[in-house]
Protein chains: 2
Amino acid sequence: MSVRRLLLIGIGAGDPDHVTVQAVTAMNAFDVLFVVRKDGADDLLAMRRLIVDRHRTARAHRTVELADPPRPWREAADYAAAVRHWRRQRIALWEDALAEHLAPDETGAFLVWGDPSLYESTLAVVTQIAQRGRIALDYEVIPGISSLHALTARHRIPLNRVGGAVQITPARLLDDGLPEGVDDVVVMLDAGAAFARLPAGGIEIYWGAYLGTPDELLISGALEDVAGAIVGAREAAKKRKGWIFDIYLLRRTR
Amino acid sequence: MSVRRLLLIGIGAGDPDHVTVQAVTAMNAFDVLFVVRKDGADDLLAMRRLIVDRHRTARAHRTVELADPPRPWREAADYAAAVRHWRRQRIALWEDALAEHLAPDETGAFLVWGDPSLYESTLAVVTQIAQRGRIALDYEVIPGISSLHALTARHRIPLNRVGGAVQITPARLLDDGLPEGVDDVVVMLDAGAAFARLPAGGIEIYWGAYLGTPDELLISGALEDVAGAIVGAREAAKKRKGWIFDIYLLRRTR
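Nothing here was measured: the structure is a model prediction, and the numbers come from that model.

**Student:** What exactly am I supposed to notice about the interface of chain A and chain B here?
**Tutor:** Taken together, the 46 residues of chain A in the interface contact 46 residues of chain B. Between chain A and chain B, the buried area comes to about 3,800 Å², and carbon and sulfur atoms account for 62% of it. Area buried by chain A at its contact with chain B is led by His-149, Arg-156 and Val-162 of chain A, which between them contribute 17% of it. For the pair chain A and chain B, the interface holds two salt bridges. Here Asp-138 of chain B ties to Arg-156 of chain A by a salt bridge, and the two come within 3.4 Å at their closest N and O atoms. The interface formed by chain A and chain B holds 26 residue pairs in polar contact (both at pLDDT 80 or more) in total. Mapped by element, the contributors of at least two residues to the side of chain A that touches chain B are helix H1 (21-27), helix H3 (79-101), helix H4 (122-132), strand E5 (137-142), helix H5 (147-155) and strand E6 (166-170) of chain A.

**Student:** Which parts of the structure should I look at to understand the packing of H3 of chain A against H4 of chain A?
**Tutor:** Residues and elements named next belong to chain A. Following both chains from N to C, one finds H3 and H4 inclined at 65 degrees, their axes separated by 10 Å at the closest point. Seen along the crossing, H3 lies across H4 with a hand that is right-handed. Between H3 and H4, the contacting residues are Arg-87, Arg-90, Ile-91, Trp-94, Glu-95 and Leu-98 on the first element and Thr-122, Ala-124, Val-125, Gln-128, Ile-129 and Arg-132 on the second. The residue makeup of the contact of H3 with H4, split by class, is six nonpolar, two polar and four charged.

**Student:** Explanation requested: the side chain of Arg-234 of chain A in the structure shown.
**Tutor:** Its location among the elements puts Arg-234 of chain A in helix H6 (residues 223-241). Residues in contact with Arg-234 of chain A, not counting those within four places in the same chain, are Asp-190, Ala-191, Gly-192, Ala-193, Phe-195, Trp-207, Ile-244 and Asp-246 of chain A.

**Student:** Could you clarify how one ought to interpret the environment of Asp-42 of chain B in this entry?
**Tutor:** Residue placement: Asp-42 of chain B occurs in helix H2 (residues 42-55). As for Asp-42 of chain B and Trp-243 of chain B, which are separated by 201 residues in sequence, their C-alpha atoms are 9.9 Å apart.

**Student:** Before we go on, may I ask you to explain unusual backbone geometry in this structure?
**Tutor:** Residues and elements named next belong to chain B. For Tyr-119, which is not glycine, the phi torsion reads 45 degrees and is therefore positive. Position of Tyr-119 among the secondary structure elements: in the loop between strand E4 (107-112) and helix H4 (122-132). The backbone of Tyr-210 sits at a positive phi, close to 50 degrees, despite the residue not being glycine. The topology assignment puts Tyr-210 in the loop between strand E8 (203-209) and strand E9 (217-222). Given a relative accessible area of 3%, Tyr-210 falls into the buried group.

The rules we used
Residues numbered from 1 in each chain as written. Chains lettered and ligands numbered in written order. Predicted model: local features only at pLDDT ≥ 70, side-chain atom pairs only at ≥ 80, totals over all residues. Heavy atoms only, no water. Contact = heavy atoms within 4.5 Å. Buried area = accessible area lost by both parts, 1.4 Å probe. Salt bridge = Lys/Arg side-chain N within 4 Å of Asp/Glu carboxyl O. Polar contact = N/O pair within 3.5 Å; in protein donor to acceptor, adjacent residues only side chain to side chain. Helix = DSSP H or I, 4+ residues; strand = E, 2+ residues; numbered from the N terminus. Axes fitted to C-alpha atoms, helices over the stretch in contact; angles between N-to-C directions. Left-handed = near helix turned anticlockwise from the far one by under 90°. Nonpolar A, V, L, I, M, F, W, Y, C, P; charged D, E, K, R; others polar. Buried < 20%, exposed > 50% of the residue type's maximum accessible area, 1.4 Å probe, protein only.

What follows is the structure, given as structure tokens:
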């Protein structure tokens, strides 16, 4: 039977040189590039194009733009249900697009910021399309430098402390403060500024935005000393660029 | 003032193609490669040589082998103190080696498996040497594909679930069971088989060893179904190769 093949290529957190040799090979192996357009993120689309242009030497490829249903609101009462609904819509739209634009025996690709496993839904959607079986689909995941590793590299800090655990959490789980039993917490998907609502004292923060790009911002220090500066830097950057990608590590002082 | 420069290069979890373009550039930018020899890990030394040979096209470089003090025993009563002592010994030995073998204005490099931030002490040692100030030292961290991302890529699974947190933990913190408040836990540095001592039921495991290498092993399933197979595979592999690098994700069934 003829099988369509998909590559989910992690392209790193922003620096075009964070792309791996495996990803470069994959970027030269696809026939069709699927891209998802999001409102107000033309910069991101342009950055992805730059990465492909820089690393692809193979023949010309086709690009198919996928419609993206409206994203669930992060503060929704039942966020998990909202995400499930959004994913069902995506599955239907993407399945149609794969059937129409990717011929059997061809290889398609998605470029994913950071690593495809971390707070990223492309892999889940593709897995479900493959499991439904309406089209025969094989897929491969190419790991990337996640913003996690880009953050610690730019601050030149270890992620964990000796013998300790690290938690990675979406900001919405910080409403009740830092989780118990773990002193090092990486926060992602913070649409507000959850760090500024934590009780001050005994916490260091290492914050980074637009990591690895010419717009990169880095601030670190005792949370009570730098929280205001980070809030200000985020607001100014969002106003200037229209979007922000940021991440931070909260570290309880030992 | 003349400054010695050090590059801490993350080289990925085992697959030579996990090296990034930035790491390839760094591998062509050093004068001296510092390597740490560990007992019984000639394989690892050979794999590192292979990675440099594959990606370095620059002129010949010098290699300096560093003595490594005996590693602390992971089950030590005061593990953190044992690690501190071990690091003090390393700092003294490495500082001497840098002063002797790396000329001012030269660039040295360490190749680090995975990413330099994750359960890896090279960065902490280098930071402390720089802070002591006996030799003027500048250093840069080049992020790598960690075993975390290699594991999920090979199993083709997301690391987190929708809206959920993820914990990364050394195995010794699993003595009291899975941590509370988090359903997805990545376990590293498991010299025993901590997963096999967890209460069975309601947990899936995704295990991988020698990720990205020709020896790669992958096992996944309900913990009670596959724990025995993983224990057997680990023991056989350790006997065959003399060492093992493995990592696993424990996922509470929702």
